[in-house]
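Report on the structure
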Amino acid sequence: MALEKFHFTTSTGETIAVHYLNDALGYRAAQKIRKKHGDDYEALMDAFIAAALDKNVQDKLDQMSIRDFSAFIKGWSEGDDDTASVGESSAS
């Protein structure tokens, strides 16, 4: 079974296709990150990005507008295939 990918298009037309956070990170790695950062949402997301996404994608995220970045994080972390405004999924 192929893992679903999250596809995101920025407001400038740049496209990103990555595995959803829940598929990109192992359970133990996620638990370590959660334990280290607790309830600090921004630190959690930064750590998840560093652990789950390659440098090329991280560089694209660094260049995004705050609006695009927030939409990307929401869609990527929730894995909501029904949210057309933030992306769509496909088999990899």
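Details of the pattern of salt bridges
Going through the model one piece at a time under the given rule, you end up with two salt bridges. Salt-bridge contacts for glutamate 14 lead to lysine 60; the nearest nitrogen and oxygen are separated by 3.6 Å. Highlighted residues: glutamate 14 in the loop between strand 1 (4-9) and strand 2 (15-19) and lysine 60 in helix 4 (residues 55-63), separated in sequence by 46 residues. Look at glutamate 14 and you get partly exposed, because its relative accessible area is 36%. Among the residues examined, lysine 60 registers a relative accessible area of 26% and is labelled partly exposed. Notably, a salt bridge pairs lysine 55 with aspartate 59, separated by 2.8 Å at the nearest N-O pair. Highlighted residues: lysine 55 and aspartate 59, both in helix 4, separated by four residues, approximately one helical turn. You can call lysine 55 exposed: its relative accessible area is 57%.

Describing the packing of helix 3 (residues 41-52) against helix 5 (residues 66-78)
For the pair helix 3 and helix 5, the least separation of the axes is 12 Å and the interaxial angle reads 70°. For the element pair helix 3 / helix 5, the angle class is roughly perpendicular. Taken together, the residues of helix 5 that come into contact with helix 3 (itself represented by Tyr41, Met45, Phe48, Ile49 and Ala52) are Phe69, Ile73, Trp76 and Ser77. Looking at the contact of helix 3 with helix 5, its residues break down into eight nonpolar, one polar and no charged.

Some remarks on the environment of aspartate 54
Tracing the backbone through its elements, the reader meets aspartate 54 in the loop between helix 3 and helix 4. For the pair aspartate 54 and valine 18, spaced 36 residues apart in the sequence, the C-alpha separation amounts to 9.5 Å. For aspartate 54, the side chain forms a polar contact with the main-chain nitrogen of asparagine 56, separated by 3.1 Å.

Looking at the packing of helix 2 (residues 27-37) against helix 3
When two helices pack together, their arrangement is given by the angle between the helix axes and by the axis-to-axis distance. The interhelical angle for the contact between helix 2 and helix 3, taken along N-to-C directions, is 150°, at an axis separation of 9 Å. Taken together, the axis directions place helix 2 and helix 3 in an arrangement best described as roughly antiparallel. The handedness of the crossing between helix 2 and helix 3 comes out as right-handed. For the pair formed by helix 2 and helix 3, the contact residues are Ala30, Ile33, Arg34 and His37 on the first element and Ala43, Leu44, Ala47, Phe48 and Ala51 on the second. Residue classes in the contact of helix 2 with helix 3 are distributed as seven nonpolar, one polar and one charged.

Thresholds, definitions, all that
Residues numbered from 1 in each chain as written. Predicted model: local features only at pLDDT ≥ 70, side-chain atom pairs only at ≥ 80, totals over all residues. Heavy atoms only, no water. Salt bridge = Lys/Arg side-chain N within 4 Å of Asp/Glu carboxyl O. Helix = DSSP H or I, 4+ residues; strand = E, 2+ residues; numbered from the N terminus. Buried < 20%, exposed > 50% of the residue type's maximum accessible area, 1.4 Å probe, protein only. Axes fitted to C-alpha atoms, helices over the stretch in contact; angles between N-to-C directions. Parallel < 35°, antiparallel > 145°, perpendicular 65-115°, else oblique. Contact = heavy atoms within 4.5 Å. Nonpolar A, V, L, I, M, F, W, Y, C, P; charged D, E, K, R; others polar. Polar contact = N/O pair within 3.5 Å; in protein donor to acceptor, adjacent residues only side chain to side chain. Left-handed = near helix turned anticlockwise from the far one by under 90°.

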